[in-house]
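Summary of the model geometry
Read off the chains here:
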Amino acid sequence: QKEVEQNSGPLSVPEGAIASLNCTYSDRGSQSFFWYRQYSGKSPELIMSIYSNGDKEDGRFTAQLNKASQYVSLLIRDSQPSDSATYLCAVKRGGADGLTFGKGTHLIIQP
Amino acid sequence: EPEVTQTPSHQVTQMGQEVILRCVPISNHLYFYWYRQILGQKVEFLVSFYNNEISEKSEIFDDQFSVERPDGSNFTLKIRSTKLEDSAMYFCASTSGGGSYEQYFGPGTRLTVT
């Protein structure tokens, strides 16, 4: 059974601070890891992908992967009120496999 | 920027009726997916489709469901004999393949079964 676990929150962070979101997964065969942002009533929007251990930075976002610990994280620097959303962690094995999603972490950026 | 599109945005149907949800994936993408999200729950994988056949399907994707790529642009999900518990948001996604596994989602179709 493939499971992806996230703290549902809400996680409240002051504007301008760093938001840290975490995710663990159960399937050791997972090869690809993604963070999506979902606003209420909208579809998931891809933010970051990461495939190898270590850090990957894209603008204000940094994804971190540790396959040995089966752990993925997302850091959001200089948090803005527009970052307030639910952040979904998703993993997959490879090729055409579907994504397994966590329930998401509800992030609130306080102005 | 290319996008996945879905129609209709909202579909209301009566229990037992058949519905077809439509998607136009990004034009150069080769892999297509359907997901659903019941209100307040997580996004769940239904099926993946490549080279005109199903690549993978979840336990949710039973005989009630079918997918088709009727032409070079559309990708459809048919739900036969809908049930109340089929009420959900249905998302289509696509990826280019060829080493890129990033899936891009359409805006979704909200299905309400009454």
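Within any chain, residue numbers begin from 1 and follow the written order of that chain's sequence. Following the order in which they are written, the chains are lettered starting with A and the ligands numbered starting with 1. Only residues with pLDDT of at least 70 are given local features in this predicted model, and only at 80 or more are side-chain atom pairs given and counted; all residues enter the totals for whole chains, interfaces and linings. Based on all heavy atoms of the structure, the side-chain values leave hydrogens and waters out of the count.

Okay, the sheet that holds strand β6 (residues 54–58) of chain A next. All names here are of chain A. Pairs of strands are assigned from DSSP output, requiring at least two bridges between the strands. Helix and strand labels come from DSSP, where a helix needs a run of H or I of at least four residues and a strand needs a run of E of at least two; each type is numbered from the N terminus. Here we have five strands laid out as an open sheet, ordered β1-β3-β8-β7-β6, and antiparallel in their pairing. A single partner strand is all that each edge strand has here, and the edge strands are β1 (4–5) and β6. Summarising the sheet, strand β7 (residues 61–66) and strand β8 (residues 71–76) pair through six bridges and their orientation is antiparallel. Among the inter-strand pairings, F61 is bridged to a residue of β8, identified as I76.

The next point concerns the pattern of salt bridges. Salt bridge, as applied in this entry: a Lys or Arg side-chain nitrogen positioned within 4 Å of an Asp or Glu carboxyl oxygen. Enumeration over the complete set of coordinates arrives at six salt bridges over all chains. When the shortest N-O distance is used, the salt bridge between A:D83 and A:R60 registers 2.9 Å. In this pair, A:D83 is assigned in the loop between β8 and β9 (85–92) and A:R60 in the loop between β6 and β7, connecting sequence segments 23 residues apart. Measuring nitrogen to oxygen at the nearest pair gives 3.1 Å for the salt bridge that ties B:R36 to B:E44. The cut-offs for exposure are 20% and 50% of the maximum accessible area for each residue type, with area from a 1.4 Å probe on protein chains only; residues under the lower value are buried, those over the upper are exposed, and the others partly exposed. Note on B:R36: relative accessible area 11%, which makes it buried.

Residues and elements named next belong to chain A. Nonpolar cores are built from buried Ala, Val, Leu, Ile, Met, Phe, Trp, Tyr and Cys residues. Side-chain atoms within 4.5 Å join them into one set. By size, the foremost hydrophobic cluster in this structure holds 23 residues, and its most contacted members are W35, V72, L74, I76 and Y87. Of all the secondary structure elements, the ones that give two or more residues to this core are β3 (19–25), β4 (32–38), β5 (45–50), β7, β8, β9 and β11 (105–110). Here, residues are in contact when the closest pair of their heavy atoms is within 4.5 Å. Excluding residues within four positions of it along the chain, V72 makes contact with L21, N22, C23, Y25, F33, W35, I50, Q64, L65 and C89.

This part covers the packing of aromatic side chains. We call Phe, Tyr and Trp rings a pair once their centres come within 6.5 Å, taking the six-membered ring for Trp, and we label the pair stacked below 30 degrees between planes, edge-to-face above 60, and tilted otherwise. What the rule picks out here adds up to 17 aromatic pairs over all chains. Between the aromatic rings of A:F101 and B:Y35, the centroid separation amounts to 5.9 Å while the plane-to-plane angle is 90°, which identifies the pairing as edge-to-face. Note that A:F101 is positioned in strand β10 (residues 100–101) and B:Y35 in strand β4 (residues 31–37), a pairing that runs across two chains. Of the two residues, A:F101 and B:Y35, both sit in the buried class. Here B:Y35 and B:F105 contribute two aromatic rings whose centre-to-centre distance is 5.1 Å and whose plane-to-plane angle is 40°, an arrangement assigned as tilted. Highlighted residues: B:Y35 in strand β4 and B:F105 in strand β10 (residues 104–105), separated in sequence by 70 residues. You'll find B:Y35 and B:F105 in the same group, each marked buried. Site record: aromatic cluster; members linked through ring pairs are A:F34, A:Y36, A:Y51, A:F101, B:Y33, B:Y35, B:F45, B:F91, B:Y101 and B:F105. Consider the ring centre and the ring normal. A charge sits over the ring if Lys NZ or Arg CZ is within 6 Å of that centre and within 35 degrees of that normal. The ring centre of A:F61 lies 5.5 Å from the NZ or CZ of A:R60, which sits over that ring.

Let us now look at the sheet that holds strand β8 (residues 75–79) of chain B. Residue and element names in this part refer to chain B. Strands sit in the order β1-β3-β8-β7 across an open sheet of four strands; the sheet is antiparallel. Edge strands, defined here as strands with exactly one partner in the open sheet, are β1 (5–7) and β7 (65–68). Ignoring which end each strand starts from, the neighbouring axes of this sheet average 20° apart. Pairing of strand β3 (residues 19–24) with β8, which is carried by five bridges, proceeds in the antiparallel orientation. Looking at the pairing, R22 lines up with T76 of β8. Helix axes are fitted to C-alpha atoms over the stretch in contact, other axes to C-alpha atoms as well, and angles between N-to-C directions run from 0 to 180 degrees.

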